[in-house]
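So you can see what is in the structure, the chains are spelled out below.
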Amino acid sequence: MPNDINIGPITVHMYGIMIAIGFCAAVIVSIVRARKQKLEEDMIYNMLWMCLIGGFLGSRIVYYLTVLPDIAKDPSILWDFGNGYVVYGGLIGGFLANLIYFKIKKQAFLPYFDLVIPQVALGQAFGRIGCFFAGCCYGKETTSPIGFTYHTSYLAPTNVVLIPTQVISSILDFILFFALLFYAKRKEAKGTVGALYLLLYSAGRFFVEFLRGDVARGSVGILSTSQFISIIMFLIGLFLYFVFSKREQEKTEKVEESGSEEEKI
């Protein structure tokens, strides 16, 4: 699976192309949905820029934390930006960057968070296809008929049948995108779409981690670093879902009580 495609003197990297497609798709869908919900387009653009900046910093910081012993031996890892990005770090960094941005702008965060978060899954789906081309995030050896063999790769083992974990992750992310869109149409409590993303994405990531073959990703006991973070994110998502749902329920009950009192008067 070639990642580098030569067009005359120009070399095109499929990983970068898929990342760009994912970002553009996320922007387009976000703007279309923002117009339907009458939310400010400028805030969406700024939010996506915050995702890029915060996501980049977060993904690098978490990566550094997972390879601290290696950095001590070879500090050049710190400025090797060719690889070394942790998805969870990007999610956390993007979330915090936007939270700070909305706080500064004194804007309500949850409506925009719920609107953008399904498109995060869409961007990740295309990004994982990029991983498949690049050979990173590869799976364990397998005899399964769905296995895939890299004959040339800088990152994945060559001439070995591997579980296509990148493709599996991409499919799960596409499913998550459409599931969140369907759920969002139900007009549930503010914040629950984002909370549901945390629940479903972390559950899927926890499962896929068992199939991964690239072992140099850090560990916490018997769990990979990503599995450990998945458990934390799942619990946070579960907590937030119930908090936001309960808040909406209490708000609805107050409105109903207020309506009942007006009828008595």
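Parameters at a glance
Residues numbered from 1 in each chain as written. Predicted model: local features only at pLDDT ≥ 70, side-chain atom pairs only at ≥ 80, totals over all residues. Heavy atoms only, no water. Helix = DSSP H or I, 4+ residues; strand = E, 2+ residues; numbered from the N terminus. Buried < 20%, exposed > 50% of the residue type's maximum accessible area, 1.4 Å probe, protein only. Contact = heavy atoms within 4.5 Å. Areas by Shrake-Rupley, 256 points an atom, 1.4 Å probe, with all protein chains shown as cover. Phe/Tyr/Trp six-rings, centres within 6.5 Å; stacked < 30°, edge-to-face > 60°. Core = buried A, V, L, I, M, F, W, Y, C linked by side-chain atoms within 4.5 Å. Salt bridge = Lys/Arg side-chain N within 4 Å of Asp/Glu carboxyl O. Axes fitted to C-alpha atoms, helices over the stretch in contact; angles between N-to-C directions. Parallel < 35°, antiparallel > 145°, perpendicular 65-115°, else oblique. Left-handed = near helix turned anticlockwise from the far one by under 90°. Nonpolar A, V, L, I, M, F, W, Y, C, P; charged D, E, K, R; others polar.

Colleague: Would you mind showing me how to read the overall build of the protein here?
Modeller: A count of helical and extended segments in the protein gives eight helices and six strands. With 265 residues in all, the protein has 42% of them scored as buried. The long-range fraction of contacts in the protein, counting pairs at least 24 apart against all pairs at least 6 apart in sequence, stands at 66%. Just so you have it, the protein exposes about 15300 Å², and 68% of that area is on carbon and sulfur atoms.

Colleague: I keep staring at the packing of aromatic side chains and nothing clicks. Help me out?
Modeller: Where two aromatic rings form a pair, the distance of their centres and the angle of their planes describe that pair. Within this structure, the stated rule accounts for 16 aromatic pairs. Taking the centre distance of 5.7 Å and the plane angle of 80° together, the rings of tyrosine 88 and tyrosine 201 count as edge-to-face. Of this pair, tyrosine 88 sits in helix α4 (residues 87-105) while tyrosine 201 sits in helix α7 (residues 192-209), and the two are 113 residues apart along the sequence. By relative accessible area, which is 7% here, tyrosine 201 ends up buried.

Colleague: Looking at this structure, how should I read the environment of cysteine 137?
Modeller: Along the chain, cysteine 137 falls in the loop between α5 (109-134) and β3 (148-149). Exposure remark for cysteine 137: the relative accessible area of 16% places this residue in the buried category. Linking cysteine 137 and valine 215, residues 78 residues apart in sequence, is a C-alpha distance of 9.5 Å. When neighbours within four sequence positions are excluded, cysteine 137 is seen to be in contact with Arg128, Cys131, Thr165, Gln166, Arg212 and Asp214.

Colleague: When you look at the nonpolar core in this model, what are you seeing that I'm missing?
Modeller: A general trend in soluble globular proteins is that nonpolar side chains are found buried together. In terms of nonpolar packing, the biggest core is built from 45 residues, with Ile44, Tyr88, Phe102, Tyr112 and Tyr197 touching the most fellow members. Sort the elements by how many residues they give to this core and α5 lands first, with 10 residues. Setting aside residues no more than four positions away along its own chain, tyrosine 88 makes contact with Tyr201, Ser202, Arg205, Ser226, Ile229, Ser230 and Met233. One finds Phe132, Tyr138, Tyr150 and Leu162 within the second-largest nonpolar core, a separate group that totals five residues.

Colleague: Please clarify how the pattern of salt bridges should be interpreted in this entry.
Modeller: Opposite charge on two side chains permits pairing when their charged atoms draw close. Evaluation of the coordinates by the stated rule reveals four salt bridges. Glutamate 41 is the salt-bridge partner of arginine 35, the closest N and O atoms lying 2.6 Å from each other. Judged by relative accessible area, which is 54%, arginine 35 ranks as exposed. In this structure, arginine 212 and glutamate 209 form a salt bridge, with 3.3 Å as the shortest nitrogen-oxygen distance. On the basis of relative accessibility, which here comes to 4%, the residue glutamate 209 falls in the buried class. Salt bridges sharing common partners tie together Arg205, Glu209, Arg212 and Asp214.

Colleague: How do you make sense of the packing of helix α6 (residues 165-184) against α7 when you look at a structure like this?
Modeller: Each pair of packed helices can be described by the angle between their axes along with the distance between the axes. α7 packs onto α6 with a crossing angle of 160° between their chain directions and a minimal axis gap of 10 Å. In terms of orientation, α6 lies roughly antiparallel with respect to α7. The crossing of α6 and α7 is right-handed. Along the contact surface, α6 presents Thr165, Ile168, Ser169, Leu172, Asp173, Leu176, Leu180, Tyr183 and Ala184, while α7 presents Thr192, Val193, Leu196, Tyr197, Leu200, Tyr201, Gly204 and Val208. Of the residues that constitute the contact of α6 with α7, the class distribution is 12 nonpolar, four polar and one charged.

Colleague: Which parts of the structure should I look at to understand unusual backbone geometry?
Modeller: Positive phi values are uncommon outside glycine, yet lysine 38 reaches one of about 60°. Mapped onto the secondary structure, lysine 38 falls in the loop between α1 (14-37) and α2 (41-66). Under the relative-accessibility criterion, lysine 38 is labelled exposed at 76%. Phi angles above zero are rare outside glycine, and cysteine 137 is one such case at about 60°.

Colleague: Honestly, the packing of α5 against α7 in this entry has me stumped. Any pointers?
Modeller: Running from N to C, α5 and α7 cross one another at 25°; their axes reach a closest spacing of 7 Å. Judged by the angle between their axes, α5 and α7 are roughly parallel. Viewed along their axes, α5 and α7 form a crossing whose handedness is left-handed. Of the residues in α7, those touching α5 at Phe113, Asp114, Ile117, Pro118, Val120, Ala121, Gln124 and Arg128 are Thr192, Val193, Gly194, Tyr197, Tyr201 and Arg205. Considered class by class, the residues forming the contact of α5 with α7 number eight nonpolar, three polar and three charged.

Colleague: What is the right way to look at the environment of glutamate 141 in this model?
Modeller: With respect to the element layout, glutamate 141 can be found in the loop between α5 and β3. Of the residues examined, glutamate 141 reaches a relative accessible area of 64% and is grouped as exposed. Distance in space between the C-alpha atoms of glutamate 141 and isoleucine 163 is 6.3 Å, their sequence separation being 22 residues. With sequence-adjacent residues up to four places away left out, glutamate 141 is seen in contact with Val160, Val161 and Leu162.

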